[in-house]
Amino acid sequence: MNAPPKIEPAASSDDDVLRWLTNDVREERFLDNIFAEMCLRLQRAGIPLKRATLHVVIQHPQWLGAKIMWADGMRAAEITRVDHDVRGRSEFIGSPASEIFEGAGEVRENLTGDVAHRRKHAVYDEMRAMGLTDYIAWPLYHTLGKRHMVTFATDRADGFDEAHIASLQRLLPILALVSEIRVKNRLARTLLETYVGAHAGELILAGATRRGTGTTVRAAIMICDLRDFTHISDNWPRDDVIELLNGYFDAVSEPIARHGGEILKFMGDGLLAIFPLSEPTACANLLHAVAEARQNMIALNKAHGEAGRAPLNFGIGVHVGDVMYGNIGSSARLDFTVIGPAVNMASRLEALTKQVGKNVLLSQAFADLVKGDFELERVGEHRVRGFSEPVELFAYGG
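As the structure is a prediction and not an experimental result, all values here were calculated from the model.

Q: How should I be thinking about the pattern of salt bridges in this particular structure?
A: When the charged atoms of two side chains with opposite charge come close together, those side chains can pair. Taken as a whole and judged by the stated rule, the model has 20 salt bridges. Between Asp72 and Lys50 there is a salt bridge whose closest N-O contact spans 2.8 Å. Of the two residues, Asp72 sits in the loop between strand 2 (63-71) and strand 3 (78-83) while Lys50 sits in the loop between helix 2 (31-44) and strand 1 (51-57), which places them 22 residues apart along the sequence. Using a relative accessible area of 39% as the deciding quantity, one classes Asp72 as partly exposed. Here Lys50 falls in the partly exposed class, since its relative accessible area comes to 24%. A salt bridge links Arg89 to Glu91, with the shortest nitrogen-to-oxygen separation between them at 3.8 Å. Judged by relative accessible area, which is 28%, Arg89 ranks as partly exposed.

Here it is in structure tokens:
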């Protein structure tokens with residue numbers, strides 16, 4: 001999202017900025033690029049702008065929102081993610097953002113005014129240190145009262161004059177529309193990535209939404225399952241069960257993502273992930289992820305032991321083959337899922353970990369691709385439910 005904005009001939013007035021913002025940003029996907037170019041055009045239109053920020057609240061499992069910041073001399077804006085717990089921090093409490101998000105229609109500060117009447121907050125001190133003289137913040141309204149924020153600052157000796165303020169205010173409704181479209185587009189992408197994974201999300205956004213449609217991917221497949229979860233869920237308080245599951249999924253999921261895998265499904269206390277073979281080191285990456293997940297589970301179980309809880313055990317089945325992404329379900333309610341014999345094999349191997357007494361079982365097809373680089377333990381041939389021939393299995397100790 002940090003590609004440089006496209007700079008076109010200078011605007012001659014704020015009318016030209018409005019016209020550009022209304023008609024000429026259709027092909028620009030990223031809000032930070034639009035915001036940076038808007039600020040440059042405002043300067044060319046005679047607005048003495050030196051710093052501007054755009055604060056948007058988003059629906060994301062990790063972030064409350066994002067701050068887009070532009071300053072004089074920058075061709076591209078900077079983006080900072082904002083944590084969910086920011087509202088309890090000193091950087092937010094008493095800030096212009098807190099005032100706007102709590103209902104203020106405007107926050108204006110003369111940064112060179114009488115010291116005794118200056119507002120005390122780090123953001124004002126930061127702007128004074130930059131030599132800025134005047135600052136204004138306004139809410140930016142999206143549909144159904146969703147409130148975001150935009151700010152402008154100048155170093156002009158007398159601050160913004162009334163004409164400058166009027167020009168900036170005229171931009172707000174159009175900037176609100178332009179930003180809402182980009183925020184909603186990003187939200188759609190984020191929700192799909194959150195609930196179905198990045199690869200499946202891209203396919204859905206590309207139009208793979210009809211029942212019966214799908215695509216085939218050759219991949220290393222990993223299925224992980226938590227042991228004795230039924231007993232835990234029957235005997236633990238609900239909130240403790242949710243906390244346990246989240247800790248377990250963090251321990252296993254983060255290494256998968258870090259090593260290039262994609263989690264396609266959480267299934268109760270289990271998960272399904274793939275490492276597409278379009279990446280030459282996919283199989284090795286999967287085993288590196290397994291090794292890290294094992295270490296994470298050791299650390300998690302240490303914490304559980306200190307809290308007087310029993311350790312968690314898990315099983316992982318690994319295979320390699322073709323998987324089909326497909327839309328399956330009723331005519332009105334679809335699940336974009338992954339199916340195929342290779343998925344069934346990985347699932348059966350995970351179930352066999354209980355019988356064999358090994359946490360991680362690999363099929364021979366997968367082991368043949370990595371056994372020159374990893375130390376594997378042969379555990380013999382085993383019959384696998386649903387498959388006619390016994391399967392040679394290997395254990396991986398990480």
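Q: So what exactly am I meant to see when it comes to the sheet that holds strand 1 here?
A: In a beta sheet, neighbouring strands pair by backbone hydrogen bonds and run either parallel or antiparallel. Read from one edge of the open sheet, six strands run 3-2-1-6-5-4, paired in antiparallel fashion. The open sheet has two edge strands, strand 3 and strand 4 (107-110), and neither has a second partner. Mean inter-strand twist for the sheet, computed between neighbouring axes without regard to direction, equals 15°. Pairing of strand 4 with strand 5 (residues 134-141), which is carried by four bridges, proceeds in the antiparallel orientation. Bridge pairing in strand 5 links Arg108 to Ile136. Running over the sheet, helix 2 touches strand 1, strand 2, strand 3 and strand 6 (147-154) and is turned about 30° from strand 2. Packed on one face of the sheet, helix 4 (residues 122-129) meets strand 1, strand 4, strand 5 and strand 6 and runs near 45° to strand 4.

Q: Explanation requested: the environment of Ile34 in the structure shown.
A: Following the sequence through the fold, Ile34 ends up in helix 2. Given the relative accessible area of 2%, Ile34 is considered buried. In sequence terms Ile34 and Ala76 are 42 residues apart; their C-alpha atoms lie 9.4 Å from each other. Apart from the residues within four sequence positions on either side, Ile34 is in contact with Trp20, Leu21, Val25, Glu28, Val178 and Arg182.

Q: How do you make sense of the nonpolar core when you look at a structure like this?
A: Generally speaking, nonpolar side chains in soluble globular proteins are found buried as a group. By size, the foremost hydrophobic cluster in this structure holds 42 residues, and its most contacted members are Tyr248, Val252, Ile256, Leu286, Leu362, Phe366 and Tyr396. A per-element tally of this core places helix 9 (residues 282-306) first, with 10 residues. Discounting residues that sit within four places of it in the chain, Tyr248 has contacts with Cys224, Asp225, Leu226, Asp269, Gly270, Met297, Leu300 and Leu312.

Q: Please explain a nonpolar patch on the surface as it appears in this structure.
A: A surface patch of nonpolar side chains, amounting to about 210 Å² of accessible area, comprises Met324, Ile328 and Ile339. Locating Ile328 in the fold gives a position in strand 10 (residues 314-329).

Q: Can you help me understand helix 2 in this one?
A: Given 3.6 residues per helical turn, the α-helix brings residues three or four places apart onto the same face. Spanning 14 residues, helix 2 covers 20 Å between terminal C-alpha atoms, matching the ideal 20 Å at 1.5 Å per step. A large share of helix 2 lies buried, amounting to 12 of its 14 residues. Listed as buried for helix 2 are Leu31, Asp32, Asn33, Ile34, Phe35, Ala36, Glu37, Met38, Cys39, Leu40, Arg41 and Leu42. Following helix 2 by one or two positions, Gly46 has its phi on the positive side, about 100°.

Q: Explain the pairing of strand 14 (residues 391-396) to me, please; I cannot follow it from the model alone.
A: Along any regular strand the residues' side chains alternate between the sheet's two faces. Most of strand 14 is tucked away, with six of its six residues classed as buried. Side chains Val391, Leu393 and Ala395 of strand 14 all project onto a buried face; the interleaved residues Glu392, Phe394 and Tyr396 project onto the opposite face, where all are buried too. When strand 12 (residues 360-363) meets strand 14, the two strands line up antiparallel, connected through three bridges. Counterpart to Leu362 in the pairing with strand 14 is Phe394. Pairing geometry for strand 13 (residues 376-382) and strand 14, over six bridges, is antiparallel. The residue bridging Glu377 from the neighbouring strand is Ala395, located in strand 14.

Q: Sorry if this is basic, but what is going on with the packing of aromatic side chains here?
A: Given two aromatic rings, their pairing is described by the distance between the two centres and the angle made by the two planes. This structure, assessed with the given rule, holds five aromatic pairs. Measuring from centroid to centroid gives 4.8 Å for Tyr248 and Phe249, while their planes differ by 35°, and the two rings are tilted. Overall, the relative accessible area of 11% leaves Phe249 in the buried class. The side chain of Arg87 reaches across the aromatic face of Phe101, ending 5.8 Å from its centre.

Q: Before we go on, may I ask you to explain unusual backbone geometry in this structure?
A: The phi torsion at Leu144 lies on the positive side, around 60°, for a residue other than glycine. Tracing the backbone through its elements, the reader meets Leu144 in the loop between strand 5 and strand 6.

Q: Mind showing me how you'd approach the confidence of the model for the protein chain here?
A: Fine structural detail should not be taken from predicted coordinates in areas where pLDDT scores are low. Here the protein chain shows a mean pLDDT of 87. Residues at 70 or above account for 89%. Within the model, the stretch residues 1-12 combines pLDDT values under 50 with 32 contacts to residues more than four positions away or in other chains.

Q: Is there a simple way to explain helix 1 (residues 14-23) in this structure?
A: What helix 1 keeps buried is the set Asp14, Val17, Leu18, Trp20 and Leu21. Buried residues in helix 1, looked at end-on, bunch into an arc of 165°, giving them a common side.

Parameters at a glance
- Residues numbered from 1 in each chain as written.
- Predicted model: local features only at pLDDT ≥ 70, side-chain atom pairs only at ≥ 80, totals over all residues.
- Heavy atoms only, no water.
- Salt bridge = Lys/Arg side-chain N within 4 Å of Asp/Glu carboxyl O.
- Helix = DSSP H or I, 4+ residues; strand = E, 2+ residues; numbered from the N terminus.
- Buried < 20%, exposed > 50% of the residue type's maximum accessible area, 1.4 Å probe, protein only.
- Pairing = 2+ DSSP bridges.
- Axes fitted to C-alpha atoms, helices over the stretch in contact; angles between N-to-C directions.
- Contact = heavy atoms within 4.5 Å.
- Core = buried A, V, L, I, M, F, W, Y, C linked by side-chain atoms within 4.5 Å.
- Patch = residues over 30% accessible without salt bridge, like charges linked within 9 Å, V, L, I, M, F, W, Y side chains within 5 Å.
- Areas by Shrake-Rupley, 256 points an atom, 1.4 Å probe, with all protein chains shown as cover.
- Expected span 1.5 Å × (residues − 1).
- Phe/Tyr/Trp six-rings, centres within 6.5 Å; stacked < 30°, edge-to-face > 60°.
- Lys NZ or Arg CZ within 6 Å of the ring centre and 35° of its normal.
- pLDDT = per-residue confidence, 0-100.
- Arc of directions from axis to C-beta.

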